[in-house]
Amino acid sequence: MTPERESTRERTPAGATAATRPRVRLDQPRAPRRRLIPEWDPEAFGRLSERIARFLGTGRFIVWMTVVIILWVVWNVFAPHALRFDNYPFIFLTLMLSLQASYAAPLILLAQNRQDDRDRVNLEQDRKQNERSIADTEYLTREIAALRIGLGEVATRDWIRSELQDMVKELEVRQNGHREHAVFPAERSRGRDVGDR
């Protein structure tokens, strides 16, 4: 057998017929195809359309367009007859303005579509951020409620002091049979410390 037939036999899986195509390697890029229609980068075209649409929406464009139309009309009215290129009905000017409008409208629509896509992505990100914020707020609310419940069962300094005072009084009564002097002064037993909250 020739080496070409052996390599073909190695490429085709076992049991395959001669009519099957050879395997396509997925670990290597495809060879570029020749195209009759020119290709362009849609992102670059979209960015260009946005720049044009932004310019069309400015006062500078209106001023420049007004100046060009005024110069066009003045030239074609007051210039020597041999130098005029668009006489009174200004058909060529009308054609230029309609051509400009026919290109401006799709470019503006393309720019608006791209802006809508960006707004949709931003809205989705904002929605996800809001969901995370709500989940975090609910978690913190549950934690604060658990802390409040836990603090309700914790003994405070005033409660411990009053319990200790009661125990000291009971001890004094048992030892002396009467209360000669108290371990804690009365003023401090009723009032709170400055540092107590």
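Residues numbered from 1 in each chain as written. Predicted model: local features only at pLDDT ≥ 70, side-chain atom pairs only at ≥ 80, totals over all residues. Heavy atoms only, no water.

Caption draft 1: Quick look at the layout of surface pockets. Roughly 170 Å³ of volume is contained in the second largest pocket. Looking at the second largest pocket, the residues that line it are F61, W64, M65, V68, I69, W72, L93, M96, L97 and Q100. Of all the secondary structure elements, the ones that give two or more residues to the lining of the second largest pocket are α3 (59–78) and α4 (91–152). The element contributing the most residues to the lining of the second largest pocket is α3, with six residues. Classifying every residue of the lining of the second largest pocket by side-chain character gives nine nonpolar, one polar and no charged. (1 Å grid on protein atoms, 1.4 Å probe; cavity = no way out; pocket = protein on both sides within 12 Å on 5 of 7 lines; lining within 4 Å. Points joined across faces, edges and corners; volume = space filled by probe spheres on them. Helix = DSSP H or I, 4+ residues; strand = E, 2+ residues; numbered from the N terminus. Nonpolar A, V, L, I, M, F, W, Y, C, P; charged D, E, K, R; others polar.)

Caption draft 2: How the structure looks around the packing of aromatic side chains. Taken as a whole and judged by the stated rule, the model has four aromatic pairs. Seen from their ring centres, W72 and F85 are 5.0 Å apart, and the 75° between their planes marks the pair as edge-to-face. Separated by 13 residues along the polypeptide, W72 in helix α3 and F85 in the loop between α3 and α4 bring together distant segments of the chain. On the basis of relative accessible area, W72 is assigned to the buried category, the value being 15%. Exposure remark for F85: the relative accessible area of 47% places this residue in the partly exposed category. Arranged with centres 6.0 Å apart and planes meeting at 65°, the rings of Y88 and F90 form a pair that is edge-to-face. With a relative accessible area of 12%, F90 lands in the buried category. Taken together, W72, F85 and F92 form an aromatic cluster joined through their ring pairs. (Phe/Tyr/Trp six-rings, centres within 6.5 Å; stacked < 30°, edge-to-face > 60°. Buried < 20%, exposed > 50% of the residue type's maximum accessible area, 1.4 Å probe, protein only.)

Caption draft 3: Focus on the confidence of the model for the protein. Averaged over the protein, the pLDDT score is 81; the fraction of residues at 70 or greater is 79%. Least confident of the elements in the protein is helix α1 (residues 3–11), whose mean pLDDT is 49; most confident is α3, at 94. Taken as a whole, residues 4–9 scores under 50 in pLDDT and shows two contacts with residues more than four places along the chain or in a different chain. (pLDDT = per-residue confidence, 0-100. Contact = heavy atoms within 4.5 Å.)

Caption draft 4: Examining a nonpolar patch on the surface more closely. A surface patch of nonpolar side chains, amounting to about 810 Å² of accessible area, comprises W75, L83, F85, F92, L95, M96, L99 and Y103. Broken down by element, the residue count for the nonpolar patch peaks at five residues, all from α4. In this structure, F92 sits in helix α4. (Patch = residues over 30% accessible without salt bridge, like charges linked within 9 Å, V, L, I, M, F, W, Y side chains within 5 Å. Areas by Shrake-Rupley, 256 points an atom, 1.4 Å probe, with all protein chains shown as cover. Salt bridge = Lys/Arg side-chain N within 4 Å of Asp/Glu carboxyl O.)

Caption draft 5: Representation of the pattern of salt bridges within the structure. A complete count under the given rule lists seven salt bridges for this structure. Across the salt bridge formed by E50 and R118, the nearest N and O atoms sit 2.9 Å from each other. Taken together, the positions of E50 in helix α2 (residues 42–56) and R118 in helix α4 put the pair 68 residues apart, joining distant regions of the chain. Using a relative accessible area of 9% as the deciding quantity, one classes E50 as buried. A relative accessible area of 34% means that R118 is categorised as partly exposed. Residue D117 is joined to R120 by a salt bridge in which the shortest nitrogen-to-oxygen separation is 2.9 Å. Taken together, the residues span about one helical turn, with D117 and R120 both in helix α4 at a distance of three residues. Using a relative accessible area of 40% as the deciding quantity, one classes D117 as partly exposed. For R120, a relative accessible area of 53% translates into the label exposed. Look at the salt bridges and you will find they share partners, linking E43, E50, R114 and R118 into a network.

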